[in-house]
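Fold and geometry: a report
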Amino acid sequence: MPKWLTGISLRESGKSVVFEIADAETGKADVVIEGEKLGDISSKSRHGHE
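Reading guide: rules and limits
- Residues numbered from 1 in each chain as written.
- Predicted model: local features only at pLDDT ≥ 70, side-chain atom pairs only at ≥ 80, totals over all residues.
- Heavy atoms only, no water.
- Helix = DSSP H or I, 4+ residues; strand = E, 2+ residues; numbered from the N terminus.
- Buried < 20%, exposed > 50% of the residue type's maximum accessible area, 1.4 Å probe, protein only.
- Contact = heavy atoms within 4.5 Å.
- Pairing = 2+ DSSP bridges.
- Salt bridge = Lys/Arg side-chain N within 4 Å of Asp/Glu carboxyl O.
- Axes fitted to C-alpha atoms, helices over the stretch in contact; angles between N-to-C directions.

**Some points on the overall build of the protein**
Each helix and strand counted, the protein has 0 helices and 3 strands in total. Along its sequence from the N terminus, the protein presents helices and strands in the succession β-β-β. Looking at the 50 residues of the protein, the share that counts as buried comes to 8%. Long-range contacts, defined here as pairs at least 24 residues apart, represent 2% of the contacts in the protein between residues at least 6 apart.

**A closer look at the pairing of strand 3 (residues 29-36)**
Where a strand is regular, its side chains alternate between the two sheet faces. When strand 2 (residues 16-22) meets strand 3, the two strands line up antiparallel, connected through 7 bridges. Within strand 3, the residue paired with Val18 across the bridge is Glu34. Between strand 2 and strand 3, which pair antiparallel in sequence order, lie 6 residues; one of them, Gly27, sits at a positive phi of approximately 80°.

**Concerning the pattern of salt bridges**
Where charged atoms of side chains with opposite charge meet at close range, the side chains can pair. All chains considered together, the criterion is met by 2 salt bridges. For Arg11, the salt bridge goes to Glu20, with nearest N and O atoms at 2.9 Å. Arg11 sits in the partly exposed class, given a relative accessible area of 44%. The residue Glu12 makes a salt bridge to Lys37 at a minimum N-O spacing of 2.9 Å. Here the residue Glu12 occupies a position in strand 1 (residues 8-13), and Lys37 occupies one in the segment after strand 3, the gap between them amounting to 25 residues.

**Things to note about the sheet that holds strand 1**
In spatial order, the strands read 1-2-3; together these 3 strands make up an open sheet with antiparallel pairing. In this open sheet, the two strands that pair with only one neighbour each are strand 1 and strand 3. Here the average twist between neighbouring strands, direction ignored, is 20°.

Taken by themselves, the reported measurements are silent on function.
Right, dumping it as structure tokens:
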């Protein structure tokens, strides 16, 4: 199986989560995706009923 050589990092800060995908040659962040963390959904039903 091929190996994934591109560095991918995940970091959390406050209410957001950030994914960084590094350039394979330079090692610097090439793509950055930031989004708001989801609330705690573990106590809710999958069908939307509590």
